[in-house]
Amino acid sequence: MVGFLAAVPAPTGLFGLRYFGGLMDTAGTRRVLTVRGLLIPLMPAFWLLVTDPWQVIFINAAAGILWAGYTLANSNLVMVMAAPEQRARYTAAFQAVTFAASFAGPLLGGWMIGFAGYYAIFVFSAAGRLAGTAILLRVHVPHREPVTSPA
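To keep things clear, this report deals only with the structure shown in the data block. (Residues numbered from 1 in each chain as written. Predicted model: local features only at pLDDT ≥ 70, side-chain atom pairs only at ≥ 80, totals over all residues. Heavy atoms only, no water.)

Following both chains from N to C, one finds helix α5 (residues 56–81) and helix α6 (residues 87–116) inclined at 145 degrees, their axes separated by 9 Å at the closest point. The chirality of how α5 crosses α6 is right-handed. Counted together, N74, S75, V78, M79 and M81 of α5 and R87, Y90, T91 and F94 of α6 form the full contact between these two elements. Looking at the contact of α5 with α6, its residues break down into five nonpolar, three polar and one charged. (Axes fitted to C-alpha atoms, helices over the stretch in contact; angles between N-to-C directions. Helix = DSSP H or I, 4+ residues; strand = E, 2+ residues; numbered from the N terminus. Left-handed = near helix turned anticlockwise from the far one by under 90°. Contact = heavy atoms within 4.5 Å. Nonpolar A, V, L, I, M, F, W, Y, C, P; charged D, E, K, R; others polar.)

Structure representation (structure tokens):
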């Protein structure tokens, strides 16, 4: 069951890429970041409602879709913000921060569970994700993306 639950986000992520890719083409990166940024913090909050393992399927399916949108929008944001000659460097920096957070987050969360408990961690995770989205949208995401003409 653990293996199955861990695998659920991958196929739903493919659907998310298709959906958010189309949405980015029509609505822009900022809108996709806003939509996913307001919905992803709900994922840890939903864990507070889980009473049986099968219920995690729905959380992981939704998370797969939303995280695909996050990855796609943030990758596009890196390309929009970086000067063409520095795109590889910006992409590498973005990936380094992502991997560092993927390493540090579970370690910090595991340490905090010992004294705060699972429910507090889920609330803390939701609040942190929402704060991160607010900072990203406020500081780094342009309201208007540059328009390029076909070459």
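Moving on to the nonpolar core. A general tendency of soluble globular proteins is for nonpolar side chains to be buried together. Counting 14 residues, the largest nonpolar core has F20, V32, L33, M43, L66 and A73 as the members making the most contacts within it. Within the residue set of this core, elements represented by two or more residues are α2 (9–27), α3 (29–39), α5 and α7 (118–140). The element that contributes the greatest number of residues to this core is α5, accounting for five residues. Excluding residues that lie within four positions of it along the chain, L66 makes contacts with F20, R36, L39, I40 and M43. (Core = buried A, V, L, I, M, F, W, Y, C linked by side-chain atoms within 4.5 Å. Buried < 20%, exposed > 50% of the residue type's maximum accessible area, 1.4 Å probe, protein only.)

This paragraph deals with the packing of aromatic side chains. According to the stated counting rule, one finds five aromatic pairs in the structure shown. Arranged with centres 5.0 Å apart and planes meeting at 75 degrees, the rings of Y19 and F20 form a pair that is edge-to-face. With a relative accessible area of 2%, F20 lands in the buried category. (Phe/Tyr/Trp six-rings, centres within 6.5 Å; stacked < 30°, edge-to-face > 60°.)

Let us now look at α6. With 30 residues, α6 should reach 44 Å at 1.5 Å per residue; the first-to-last C-alpha distance of 41 Å fits that figure. Of all the positions in α6, only F94, G109 and M112 are classed as buried. Looking at the residues trailing α6, positive phi occurs at G117, about 90 degrees. (Expected span 1.5 Å × (residues − 1).)

So, about the packing of α2 against α3. At their nearest, the axes of α2 and α3 sit 7 Å apart, and the two run at 130 degrees to each other. Considering the angle they form, α2 stands oblique to α3. Between α2 and α3, the contacting residues are F20, L23, M24 and A27 on the first element and T29, R31, V32 and V35 on the second. In terms of residue class, the contact of α2 with α3 is built from six nonpolar, one polar and one charged. (Parallel < 35°, antiparallel > 145°, perpendicular 65-115°, else oblique.)

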